[in-house]
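# Examination of the molecular architecture
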Amino acid sequence: MGRTMLPIEFDHQSLASLPLVDEARAQGVIRLLRGIIERRVLPTFRKNAAVDAVLLARVSERYRIERLEDVLGRIRTVSILTHSPDGWTIHIHERVFDYISFGIPWDLTAADSAIPAPEGRKALAFAELLLRHELEHMVKPHADEREVILSDAEFAMDRRELDPVYYRTLREALGDELGGLRGVRYLKLLDRFERDENTDDLVAEILPLHAERLAEVPSLLLVGAFQTMGRELKCRVIEACYRMSRNTAYALVERSASLRKVLRLFIEQLEIDQEEFEAIFASFTDRWGVALLLQERCPSRLSTAVRWSC
Ligand SMILES: [Zn+2]
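Calculation rules
- Residues numbered from 1 in each chain as written.
- Predicted model: local features only at pLDDT ≥ 70, side-chain atom pairs only at ≥ 80, totals over all residues.
- Helix = DSSP H or I, 4+ residues; strand = E, 2+ residues; numbered from the N terminus.
- Buried ≥ 20, exposed ≤ 12 C-beta atoms within 10 Å, placed from the backbone.
- Contact = placed C-beta atoms within 7 Å.
- Expected span 1.5 Å × (residues − 1).
- Core = buried A, V, L, I, M, F, W, Y, C linked by C-beta atoms within 7 Å.
- Domains from an automatic or database assignment.
- Pairing = 2+ DSSP bridges.
- Axes fitted to C-alpha atoms, helices over the stretch in contact; angles between N-to-C directions.
- Parallel < 35°, antiparallel > 145°, perpendicular 65-115°, else oblique.
- Left-handed = near helix turned anticlockwise from the far one by under 90°.
- Nonpolar A, V, L, I, M, F, W, Y, C, P; charged D, E, K, R; others polar.

### Some points on the overall build of the protein chain
A count of helices and strands for the protein chain gives 15 helices and five strands. Each of the 310 residues in the protein chain was classed as buried or not, and the buried ones make up 39%. Across the protein chain, every contact between residues at least 6 apart in sequence was considered, and the portion connecting residues at least 24 apart equals 71%.

### Quick look at helix H11 (residues 231-246)
Between its first and last C-alpha, H11 extends 23 Å over 16 residues, near the 22 Å set by a 1.5 Å rise per residue. Regarding H11, the residues found buried are Leu233, Lys234, Arg236, Val237, Ile238, Glu239, Ala240, Cys241, Tyr242, Met244 and Ser245. Where the residues of H11 are buried, they touch helix H6 (145-162), helix H9 (200-215), helix H10 (219-226), helix H12 (252-272) and helix H13 (274-288).

### Examining the nonpolar core
Of all hydrophobic cores here, the largest spans 67 residues; its most connected members are Phe126, Ala225 and Val237. Counting residues per element, this core draws most heavily on helix H5 (residues 118-139), at 11 residues. A domain split of this core shows at least three residues from each of domain 1 (9-197) and domain 2 (220-309).

### Re the environment of Gln269
Checked against the element boundaries, Gln269 lands in helix H12. Gln269 has contacts with Glu276, Phe277 and Ile280, leaving out every residue within four places of it along the chain.

### Structural notes on the sheet that holds strand E3 (residues 79-84)
Strands belonging to one sheet form pairs held by backbone hydrogen bonds; the direction of such a pair is parallel or antiparallel. Judged by pairing direction, the sheet is mixed, and its three strands sit side by side in the order E2-E4-E3 without closing on themselves. Each having just a single partner strand, strand E2 (63-68) and E3 make up the two edges of the open sheet. Within the sheet, the average angular offset between the axes of one strand and its neighbour, ignoring direction, is 25°. Judged from the six bridges that link them, E2 and strand E4 (residues 87-93) form a sheet pairing that is parallel. Bridge assignment links Ile65 to a residue of E4, and that residue is Ile90. Sheet contacts for H5: E2, E3 and E4; angle to E3, the most-contacted strand, approximately 30°.

### Considerations on the packing of H11 against H13
In contact at an axis separation of 10 Å, H11 and H13 are set at 45° when each is read in the N-to-C sense. Here H11 lies oblique to H13, going by the angle between them. Along this stretch, H11 crosses H13, giving a crossing that reads as right-handed. Contacts between H11 and H13 involve Arg231, Lys234, Cys235, Ile238, Glu239 and Tyr242 from the former and Glu276, Ala279, Ile280, Ser283, Phe284, Arg287 and Trp288 from the latter. The residue inventory of the contact of H11 with H13, partitioned by class, reads seven nonpolar, one polar and five charged.

Next up, the structure:
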């Protein structure tokens, strides 16, 4: 079900100096973000004939937004979408969440009428892009990451025509190195769309980097997010975990954690959908072979499935 996270990174250092957000403030920010989804994001999907109305209704009732705490400072992607039987959760990295919080008025009851400072307008423009991206993953569970990235650009082009102030502000947010977002590749993508140029090479740069960032995410969160990924991204994430496990630049403990992620993700996939497991497994073994994987202490369910697939 679902899919995954906006492929934009941020700078831990420059966003580390933001004031901390307490629980009451965090809840206020979440209400504001939900308001953006209700008023600005869901209506665009309701008009989209490619979106299943029943699924859209379910999504609109069963999503949560959370501030993602990253105590070890390991996570570099701005947001992560997970799916469980209870519904979807959009995890917004604490630094990015606080960046959004910092920019918007302290009195959130006045947020609709008050015009936030320039920093706030940038933060809200970026928040809308982020939320739109994750919502698209929820309402189009079979779309692949590249498709959603291109939809982000199409969304921006619509705004460029209908709401040029928003579009300018979004570009400022993506290009604002001081603000801490590293949106340069997304900016290039928008430039290409403006000029109606091919974007294949850019998307081909964004996807593997995004997969590497996801491979760094702690195991529990990654497993929840895995269900929301398209097949291509699933393959890339598993490969990125595997490459980390073979890379001697990492400490042994990190390498073995990465290999455990590979096995866990394969098991997760096997439990959800055997056919998709076989496709992903075949893509993996075409590249890396099966022997290396079987040398490891492989859980018996997986090794049985692996032998079937060989
Ligand atoms: Zn995504």
